[in-house]
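Chain by chain, the residues run as shown.
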There are 2 protein chains.
Amino acid sequence: MAITKRVDLSDAQVKALSSLVSGRISQNESVLDSHGRDESAFPPVRPSAVVTVHSTDEVSKVLAYCNGEGIPVVAFGVGSSLEGHVLPLFGGISLDLSEMDSIIKISPDDLTVTVQAGVKRMALNKKLSNDGLFFSVDPGADATIGGMTSTGAAGTTTVRYGSMRENVLKLTAVLADGTVIQAGRETRKLSAGYDLTRLIVGSEGTLAIVTEITLRVFGIPEKMAAAVSRFPSLADGVQAAIAIVRSGVAIARCEFLDAQSIKNVNAHDGLTLQEAPTLLFEFHGSPRGVEEDAKVVQEITSDFGGTDFEWTTEEGQRRKLWQARHNAYWAGIAAFPGKRAISTDAAVPLSKLADAVAIAEKILKESPFPHSILGHVADGNFHTFIVTDPTKPEELDAIRELTHKTTSAIIAMGGTCTGEHGIGAGKIDSLLEEAGQSSVAVMKSIKAALDPNGILNPGKIFH
Amino acid sequence: MAITKRVDLSDAQVKALSSLVSGRISQNESVLDSHGRDESAFPPVRPSAVVTVHSTDEVSKVLAYCNGEGIPVVAFGVGSSLEGHVLPLFGGISLDLSEMDSIIKISPDDLTVTVQAGVKRMALNKKLSNDGLFFSVDPGADATIGGMTSTGAAGTTTVRYGSMRENVLKLTAVLADGTVIQAGRETRKLSAGYDLTRLIVGSEGTLAIVTEITLRVFGIPEKMAAAVSRFPSLADGVQAAIAIVRSGVAIARCEFLDAQSIKNVNAHDGLTLQEAPTLLFEFHGSPRGVEEDAKVVQEITSDFGGTDFEWTTEEGQRRKLWQARHNAYWAGIAAFPGKRAISTDAAVPLSKLADAVAIAEKILKESPFPHSILGHVADGNFHTFIVTDPTKPEELDAIRELTHKTTSAIIAMGGTCTGEHGIGAGKIDSLLEEAGQSSVAVMKSIKAALDPNGILNPGKIFH
């Protein structure tokens, strides 16, 4: 890993890169700024230049050049990462793939779609709906498919449909030296050699730049139902969620929000939702199937003190029930104008979930920072959402201390520091604590084999 | 990759290894023979010695020693591979893990189980049933979990529950130099660094020796139903299967058997099943749910000329309906005493399945070899089952030519040479044809990084 200090491009390098991409290179300050930050609370870092690419071939040429010159390359989509993935910590170029936004092929009979990396999730779903299909992975933000692939995104529907790891069938990627590879096949099963697809998915732009992706998609279910239940305490809600998973009911979504999250949404959207720990559900299936599922869930929730159970299959009503969840992130930020949020991302084995949430809550309650807790509880994955003032960088250190304390406790109980957001720039030490020196050494040896000059997203995953 | 010719152990090496495993090393001819073959039609190859290990620590010591001495190591479970995985092509030791057969921990609340590599699938399921749980991956053979992990096994239930790639959460593995690593966590979601778990799963013993595995398990469904439907032609059956997948019905199993497969089973088991292309289904869910699923499937099958639809939830009846599928492999061999079978393993995108099966059928029909076709059609994965006389090795070459012709056609239509059996020793050229030189070069560079002396299962996946 050769990159140890910031690299700024010489005029000759700018000129050479410009010639590879028909002049689509910029050092304009506002362009550099917009490529120097994401949704994380990390301080912004400008790239030396932004290079916008239009094809796999251009990516290949740019990488081959940068590899020879020792110029760091960080891929950029829309900048919705929560872990500083797109920050060019060592300068070099931000490789903007957002204009590679073609939907290349929809195959309804195969239940697959092939897209360029810059296609955004919501645009894709709009297009797919014409064929009665949908792409299931929903991380909240309207991220690009390339970004979601590189970070191994997951979200609210993972419990039923899986994360990017299960839904990327095939990809085209460019290695550090410009070599273009195909990983995977457009088949549902594949056993041909090492699973390069899943190695690249979630590698956070450190092994290769993903340019095209074939995704698995699903038929839009005949019927969708939503349900909501309120609980006397956070622990009751979590225990109910565990029991529901254990029962085998085919929930499509199962989300938990604490009272504070509901309070924020009420304030943000002028609603009067009951400010209590809340579980939200979605069911996908036949009309009879979703009704049966909802009934089983109602029975289980009431065993755990759940009250005010509501359920509906009517679309308007359904959206209204889920509004609290969809708006929780933005409502949480809007409640504190000018502030930013840090989101933790612990995941634990299901049996440890109640303990893990209790530990996180206790540590946060003893802190001065406004916070809320929500999560994908059926996956054992929850986020604490901690509000910080970006004008007071000392707060960041204090929060890091808090989250590190929580994370160590989570790791000690067999959990992970990140269920879906990734390591990025802020969890490098936690990865070491969690996976161990030997495992991280294996990861580093793979990195060294594929990117010997260390130009791809330096400073992420490892020091 | 340093190993280029057969390695036979010196007396000093035998003595040194013996001291590492309390004398559990054998060069007895029958032991060497039983570790020199599997269920494939490859000619047997004896290891130089068989070393039986009882712990991860012993595996670590044996590997560290073999790595220093340049002795090839091939892991052995029960020898049920169909692709020559366990054959010690370059001699050295067969590392027998079958006595590492402890079920370490069942966690009903987490829906996980942790086992040693030598635990067999059926024994595991027997134990899990006490807690109302089951392990879903069913490749047919009573394989070890270590073997299934290393080959990335799949089978009849993959369409609903996934293959080993989706069901291995965490593993302990020993690298070539004896380093013990942990990959993955006991969580349902994980985004912490490179996905070493899925890199090792399916790496066919070429990257590491897997010693412990944490698996995802499921609650035994409240109700299971089976159904069967017969079709006028193979193409009709395949089209019906595709339409059923497209409909989103939650099938737990969906298998296709051609008329010849049914004929073999009738002969083998004294049955009088209708000798026609047949689709078999299994549904898991609530009593109402499985009934509804079966109804939808009946409607779709009849749209494609399906007749004689039968369905049942009664266990004895259910087993009887599925008997044809469960016995197809053995019935196929039993029909030709003294012969062996070669099983191909193509998988294609669903929309290409009917074409792919037709091509395979045409090529086989023009050959002199007895054959049948069956498969996991809902996954686009099918096997042709070709009977060969092991006393006539020239048949193997002729069959290889046939299967290579089919495989090339499959690859050209976007399919894979192996959906679930792996590359092993026989599909090395097909992997190159399918994945391309650059992808295979990446795989080789990972192999070189993790096993620089090339001691782990040489001659598999790559030349």
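Everything quoted here is computed from the prediction, not taken from an experiment. (Residues numbered from 1 in each chain as written. Chains lettered and ligands numbered in written order. Predicted model: local features only at pLDDT ≥ 70, side-chain atom pairs only at ≥ 80, totals over all residues. Heavy atoms only, no water.)

Now for the overall build of chain A. When you go through chain A residue by residue, the secondary structure sums to 16 helices and 19 strands. On C-alpha atoms alone, chain A measures out to a radius of gyration of 22 Å, which is about the 23 Å that the 2.2 N^0.38 rule sets for 463 residues. Taking the principal axes of the C-alpha coordinates as reference, chain A spans close to 70 × 55 × 45 Å. Going through the 463 residues of chain A one by one, you find that 60% of them count as buried. Considering only contacts in chain A between residues 6 or more positions apart, those separated by 24 or more positions represent 72%. Carbon and sulfur atoms provide 50% of the accessible area of chain A, an area that totals close to 16400 Å². (Helix = DSSP H or I, 4+ residues; strand = E, 2+ residues; numbered from the N terminus. Rg over C-alpha atoms; globule rule 2.2 N^0.38 Å. Buried < 20%, exposed > 50% of the residue type's maximum accessible area, 1.4 Å probe, protein only. Contact = heavy atoms within 4.5 Å. Areas by Shrake-Rupley, 256 points an atom, 1.4 Å probe, with all protein chains shown as cover.)

Moving on, we come to the relation of the copies chain B and chain A. Between chain B and chain A, the superposition needs a rotation of 180° and an axial shift of 0.0 Å, giving an RMSD of 0.0 Å. Taken together, these values place the two copies in the relation of a two-fold axis. Residue by residue, 100% of the interface of chain B is reproduced at the interface of chain A, so both copies engage with the same surface. (Least-squares fit on C-alpha atoms with pLDDT ≥ 70 in both.)

Right, let's get into the interface of chain B and chain A. Taken together, the contacts link 79 residues of chain B with 79 residues of chain A. In this assembly, chain B packs against chain A so that about 6200 Å² is buried in total across both faces, 54% of it on carbon and sulfur atoms. By the criterion of area lost to chain A, the three top residues of chain B are B:Lys189, B:Tyr194 and B:Arg246, representing 16% of everything that side buries. Summed over the shared surface of chain B and chain A, the result is 12 salt bridges. For A:Lys189, the salt bridge identified is with B:Asp379, shortest N-O distance 4.0 Å. Run the count over chain B and chain A and you get 34 residue pairs in polar contact (both at pLDDT 80 or more). Listed by contribution, the elements that provide at least two residues to the side of chain B that touches chain A are helix 7 (164–167), strand 9 (180–184), helix 8 (196–200), helix 9 (234–247), helix 11 (287–303), helix 16 (428–435) and helix 17 (437–450) of chain B. (Buried area = accessible area lost by both parts, 1.4 Å probe. Salt bridge = Lys/Arg side-chain N within 4 Å of Asp/Glu carboxyl O. Polar contact = N/O pair within 3.5 Å; in protein donor to acceptor, adjacent residues only side chain to side chain.)

Moving on, we come to helix 10 (residues 259–269) of chain B. All names here are of chain B. Within helix 10 the residues assigned to the buried category are Ser261, Ile262, Asn264, Val265 and Asn266. On its buried face, helix 10 sits against strand 13 (251–257), strand 14 (278–285), helix 12 (315–326), helix 13 (328–334) and strand 18 (371–376). Among the residues trailing helix 10, glycine 270 stands out with phi positive, at a value near 60°.

All names here are of chain B. The strand order across the open sheet formed by five strands is 5-6-10-8-9, and the pairing between neighbours is antiparallel. Sheet topology places strand 5 (103–107) and strand 9 at the edges, where each strand pairs with a single neighbour. Put simply, the sheet's adjacent strands are angled 10° from each other on average, direction ignored. Where strand 8 (residues 168–174) lies against strand 10 (residues 209–216), six bridges are found, and the strand directions are antiparallel. Bridge pairing in strand 10 links lysine 170 to threonine 214. Helix-sheet contacts for helix 4 (residues 121–129) involve strand 5, strand 6 (112–116) and strand 10, and the interaxial angle to strand 5 is about 40°. (Pairing = 2+ DSSP bridges. Axes fitted to C-alpha atoms, helices over the stretch in contact; angles between N-to-C directions.)

Attention shifts here to the pairing of strand 4 (residues 93–96) of chain A. Two faces belong to every sheet, and in a regular strand the side chains alternate between them. Residues and elements named next belong to chain A. Here strand 4 shows a buried face lined by Ile93 and Leu95 and a second buried face lined by Ser94 and Asp96. With four bridges connecting them, strand 2 (residues 49–52) and strand 4 associate as parallel partners. Its bridge partner lying in strand 4, threonine 52 is registered against aspartate 96. The pairing of strand 3 (residues 73–76) with strand 4 spans four bridges and is classified as parallel. Bridging across to strand 4, phenylalanine 76 finds its partner in aspartate 96.

All names here are of chain A. Taken as a whole, chain A is organised into domain 1 (11–98), domain 2 (103–219) and domain 3 (223–412). Distance between the C-alpha centres of domain 1 and domain 2: 22 Å. Taken together, the contacts link 16 residues of domain 1 with 21 residues of domain 2. Taken together, both faces of the contact between domain 1 and domain 2 bury some 1300 Å²; the carbon and sulfur share is 68%. It is Thr56, Leu63 and His85 in domain 1 that bury the most area against domain 2; as a group they hold 36% of the surface buried on that side. For the pair domain 1 and domain 2, the interface holds zero salt bridges. Looking at the side of domain 1 that touches domain 2, the elements that each hand over two or more residues are helix 3 (56–69) and strand 3. Among the elements that make up the side of domain 1 that touches domain 2, the one with the highest residue count is helix 3 (six residues). Across the side of domain 1 that touches domain 2, the residue classes break down as eight nonpolar, eight polar and no charged. (Domains from an automatic or database assignment. Nonpolar A, V, L, I, M, F, W, Y, C, P; charged D, E, K, R; others polar.)

This next bit is on the packing of helix 14 (residues 393–412) of chain A against helix 15 (residues 428–435) of chain A. All names here are of chain A. Packing of helix 14 against helix 15 leaves a shortest axis separation of 10 Å and a crossing angle of 20°. The angle between helix 14 and helix 15 falls in the class roughly parallel. In the packing of helix 14 onto helix 15, the handedness of the crossing is right-handed. Seen from helix 14, the contacting residues are His404, Thr407, Ser408 and Ile411; seen from helix 15, they are Ser430, Glu433 and Glu434. (Parallel < 35°, antiparallel > 145°, perpendicular 65-115°, else oblique. Left-handed = near helix turned anticlockwise from the far one by under 90°.)

With that out of the way, let us pick up unusual backbone geometry. Residue and element names in this part refer to chain B. Look at leucine 111: it is not a glycine, yet its phi comes out positive at around 55°. Inspection of the secondary structure puts leucine 111 in the loop between strand 5 and strand 6. For leucine 111, a relative accessible area of 5% gives the class buried. Phi is positive for isoleucine 461, which is not a glycine, with a value near 70°. Here isoleucine 461 lies in the segment after helix 17.

A few words on the pattern of salt bridges. For the structure shown, the criterion picks out 52 salt bridges over all chains. With its nearest N and O atoms 3.4 Å apart, the salt bridge here joins A:Arg165 to B:Asp195. Note that A:Arg165 is positioned in helix 7 (residues 164–167) and B:Asp195 in the loop between strand 9 and helix 8, a pairing that runs across two chains. Across the pair, B:Asp195 and A:Arg165 agree in class, each one buried.

Take the side chain of B:Thr312 next. Position of B:Thr312 relative to the elements: it lies in strand 15 (residues 307–312). At 2.9 Å, the side chain of B:Thr312 forms a polar contact with the backbone nitrogen of B:Glu314.

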